[in-house]
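Notes for the structure review
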Amino acid sequence: MPSLSPEPWRVKVVEPIRRIGRAAREESLRRAGYNVFGIASEDIYIDLLTDSGTSAMSDSQWAGLMRGDESYAGGRNFYFFEETVRQIFGFPHVIPTHQGRVAENLLFSTVLKPGDIVPNNTHFDTTRANVEVNGGVALDFVIPEGRQARARHPFKGNMDLGRLERCLAENAGRVPLVMLTMTNNSGGGQPVSLENVRGTREVCRRHGVPLLIDACRFAENAWFIREREAGQSGRSVAEIVREVFSLADGCTMSAKKDGLANIGGFLALRDETWVERFKNKLILIEGFPTYGGLAGRDLEAVALGLREVLNEEYLAFRVGQVTAFGEALARIGVPVVEPIGGHAVYIDGRAFAPQLPPEQYPGQALTVALYLEGGIRAVEIGGVMFGKPDPEHPGREILPDLDLVRLAVPRRVYTNTHLEYVADVIGGVHRSPQSLRGIRIVHQAPVLRHFTARFEPI
Ligand code: F0G
């Protein structure tokens, strides 16, 4: 499974991982109620639960931790962080937060009125929850190809500009801002084109509505623009990033992804209108505006990570590794969302296990099998995560269109050999359908049930 570009680093420190025996894996699944969120990470061999906060830091970031200035106010790491965000994204106002959802909380708890609408290509769960908890309505306007597992389109994360235009025309005064999530995590890590950002900007401008970008995976998105969009191949990633963000009024960011850090985030804005209110709220929930819930050393690690992530050898390896992993699975007949996204490979659970009815949660069944067979942790993004009780048919559920299993690849952590092993295990499960058992829910919380639900194999 060769990726196109080799790793632009060598290993300086190793962290042992172990594969416990099958009987121990069985026992640990049983104790966790067949929910992989309940398994201790020491009992996981390859952990593909998320690419968030799981990056390996560079020697320069570790050295940066020693330069932490832990002064309550005005610490030097903040000024370096602020300068870095200004340079890369071009927004003068920079508000640090300890992770992305706090930037969303500041934004929506301040600017939304009950009944307001927030369009997005696809809201990530925490973005949607922050809109809804503040009385807003979160709408997803990704293009139709973005909703189909195997529709081939280079920019499946694009906003449907016709639907956005109609929404803004019909709801004048009710849309405080439009968002664009890059890459589109909930839609398979698919990118948004520069042309589509320009188009979204133009629709927003005509209706006088600000555009904010959810920038979690901004560098991976820019890499796809350079690779796939006409006229972009000669530009540097940094230049593309600057242009993309010059079209927006601000961004929310979780530095746990393309910040190459284990914690951190920010909200950045062009205009100062909302800034004072955000800072006042920040002081209430996170801390003083020069640390925003982070240690000074964490700000340093994020600032260095934001600079490193723009390295093009790094991005060629990163996106190449995820693509090669997904293509290796596709070659052995595993149904994956295509084209392969930037940070993860998504398996289509219903196509993988057609013998299981959708009500038996095939994606969750596969997630359980991957742990049992190989000590691998993935995450179901399907019926368990999004299923809702069906008001017309008591005891039944309304299930989402897609029942996916996400294999998120942490940055700079696993080698291609690790991913070959994962592909082998998945291939084995695929060849022996009897290793998959349908799943029933035996206990669930009223909201965000997937984190704590308990299951039983059928
Ligand atoms: N926006 C997107 C697109 C995300 O993927 C995430 C987190 C957030 C916002 C929230 O950031 O976790 O720092 O508060 N995604 C993680 C994931 C949790 O596994 O995809 P956060």
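Refer to the structure above for everything that follows.
The shown structure was predicted, so the numbers you read here are calculated from the model rather than taken from an experiment.

Quick look at the site of the ligand
- Around the ligand lies a shell of 17 residues, among which T50, R101, D214, S254 and K257 are the nearest.
- Within the side chain of S254, a nitrogen or oxygen atom sits 2.7 Å from an oxygen atom of the ligand.
- Within the contact set of the ligand, a nitrogen atom lies 3.0 Å away from a side-chain nitrogen or oxygen of K257.
- Protein chains bury 92% of the 470 Å² of accessible surface belonging to the ligand in isolation.
- Among the elements that take part in the shell around the ligand, helix 4 (residues 100-111) stands out by supplying 3 residues, more than any other.
- Among the residues forming the shell around the ligand, the class breakdown is 2 nonpolar, 8 polar and 7 charged.

Looking at the sheet that holds strand 9 (residues 344-348)
- In spatial order, the strands read 9-14-11; together these 3 strands make up an open sheet with antiparallel pairing. Of all strands in the sheet, those bounded by a partner on one side alone are strand 9 and strand 11 (379-381). Going from strand to strand, the sheet's axes swing by 30° on average, the running direction of each strand aside.
- Relative to strand 14 (residues 404-408), strand 11 is paired through 3 bridges, and the arrangement is antiparallel. Pairing of E380 across the sheet is with V405, part of strand 14.

Remarks on the nonpolar core
- Counting 58 residues, the largest nonpolar core has F89, F218 and F245 as its most contacted members.
- With 6 residues, helix 8 (residues 218-228) is the single largest residue contributor to this core.
- Those residues in contact with F245 that sit more than four places away from it in its chain are F89, F91, I213, A215, F218, C251 and R270.
- Counting 47 residues, the second largest nonpolar core, distinct from the first, contains I39, Y361, L370 and F455.

With respect to the packing of aromatic side chains
- One pass over the full model with this rule turns up 14 aromatic pairs.
- Between F37 and F451, the ring centres sit 5.0 Å apart and the planes meet at 70°, which makes this aromatic pair edge-to-face. With a gap of 414 residues between them, F37 in the loop between helix 1 (22-31) and strand 1 (46-47) and F451 in the loop between strand 15 (439-443) and strand 16 (454-457) connect regions that are remote in the sequence.
- Seen in terms of ring centroids, F78 and F81 are 6.4 Å apart; in terms of plane orientation they differ by 40°. Their pairing is tilted. With F78 and F81 both in helix 3 (residues 76-89) and 3 residues apart, the pair spans about one turn of that helix.
- Taking the relative accessible area as the measure of exposure, F78 reaches 5% and is therefore buried.
- For F81, a relative accessible area of 1% corresponds to the buried category.

With respect to the packing of helix 3 against helix 11 (residues 296-308)
- Helix 11 packs onto helix 3 with a crossing angle of 25° between their chain directions and a minimal axis gap of 8 Å. As far as their axial angle goes, helix 11 and helix 3 are roughly parallel. In this structure, the crossing between helix 3 and helix 11 has a hand that is left-handed. Packed against helix 3, whose contacting residues are N77, F78, F80, F81, T84, V85, Q87, I88 and F89, the element helix 11 presents G296, R297, L299, E300, V302, A303, L304, L306 and R307 at the interface.
- Here the contact of helix 3 with helix 11 is composed, by residue class, of 11 nonpolar, 4 polar and 3 charged.

Let's talk about empty space enclosed by the protein
- Taken as a whole, this structure holds 2 cavities of 30 Å³ or more when the rule is applied.
- Its volume calculated, the largest cavity comes out at about 60 Å³.
- Along its surface, the largest cavity is lined by N35, V36, F37, Q364, T367, V379, E380, V384, H450 and F455.
- Among the elements of the structure, helix 14 (362-374) and strand 11 are those that each provide at least two residues to the lining of the largest cavity.
- Here the residues of the lining of the largest cavity are counted per class, giving 5 nonpolar, 4 polar and 1 charged.

Re the pairing of strand 8 (residues 265-269)
- Within strand 8, 5 of the 5 residues are buried, leaving the element largely enclosed by the surrounding structure.
- Relative to strand 8, strand 2 (residues 93-97) runs antiparallel, the two being bridged by 5 bridges. Considered in strand 8, the bridge of I95 is made with L267.

Remarks on the layout of surface pockets
- Computed from the structure, the largest pocket encloses a volume of approximately 1,500 Å³.
- As for the largest pocket, its lining consists of 38 residues, and the residues nearest its centre are V13, E15, A56, R412 and V413.
- Residues belonging to the lining of the largest pocket are distributed by class as follows: 17 nonpolar, 10 polar and 11 charged.
- Space inside the second largest pocket adds up to approximately 1,100 Å³.
- Lining the second largest pocket are 38 residues, and of these R128, M385, F386, K388 and P400 lie nearest its centre.
- Secondary structure elements with two or more residues in the lining of the second largest pocket: helix 5 (125-133), helix 15 (383-386), strand 12 (388-389) and strand 13 (397-398).
- In terms of residue count, helix 5 provides more of the lining of the second largest pocket than any other element does, 4 residues in total.

Re a nonpolar patch on the surface
- Where nonpolar side chains cluster on the molecular surface, the patch consists of V447, L448 and F451 and spans about 310 Å² of accessible area.
- Secondary-structure assignment places L448 in the loop between strand 15 and strand 16.
- For L448, a relative accessible area of 51% translates into the label exposed.

Description of the environment of I441
- Turning to its location among the elements, I441 is positioned in strand 15.
- With 93 residues separating them along the chain, I441 and D348 place their C-alpha atoms 20 Å apart.
- The contact partners of I441, leaving out residues within four places of it in the chain, are Y361, R449, R454 and F455.

Brief notes about the side chain of T200
- Relative to the elements of secondary structure, T200 occurs in helix 7 (residues 194-207).
- If near-sequence neighbours (up to four positions away) are discounted, T200 is found in contact with M159, L161, L164, V178, L180 and L211.

What counts, and at which threshold
- Residues numbered from 1 in each chain as written.
- Predicted model: local features only at pLDDT ≥ 70, side-chain atom pairs only at ≥ 80, totals over all residues.
- Heavy atoms only, no water.
- Near = heavy atom within 4 Å.
- Polar contact = N/O pair within 3.5 Å; in protein donor to acceptor, adjacent residues only side chain to side chain.
- Areas by Shrake-Rupley, 256 points an atom, 1.4 Å probe, with all protein chains shown as cover.
- Helix = DSSP H or I, 4+ residues; strand = E, 2+ residues; numbered from the N terminus.
- Nonpolar A, V, L, I, M, F, W, Y, C, P; charged D, E, K, R; others polar.
- Pairing = 2+ DSSP bridges.
- Axes fitted to C-alpha atoms, helices over the stretch in contact; angles between N-to-C directions.
- Core = buried A, V, L, I, M, F, W, Y, C linked by side-chain atoms within 4.5 Å.
- Buried < 20%, exposed > 50% of the residue type's maximum accessible area, 1.4 Å probe, protein only.
- Contact = heavy atoms within 4.5 Å.
- Phe/Tyr/Trp six-rings, centres within 6.5 Å; stacked < 30°, edge-to-face > 60°.
- Parallel < 35°, antiparallel > 145°, perpendicular 65-115°, else oblique.
- Left-handed = near helix turned anticlockwise from the far one by under 90°.
- 1 Å grid on protein atoms, 1.4 Å probe; cavity = no way out; pocket = protein on both sides within 12 Å on 5 of 7 lines; lining within 4 Å.
- Points joined across faces, edges and corners; volume = space filled by probe spheres on them.
- Patch = residues over 30% accessible without salt bridge, like charges linked within 9 Å, V, L, I, M, F, W, Y side chains within 5 Å.
- Salt bridge = Lys/Arg side-chain N within 4 Å of Asp/Glu carboxyl O.

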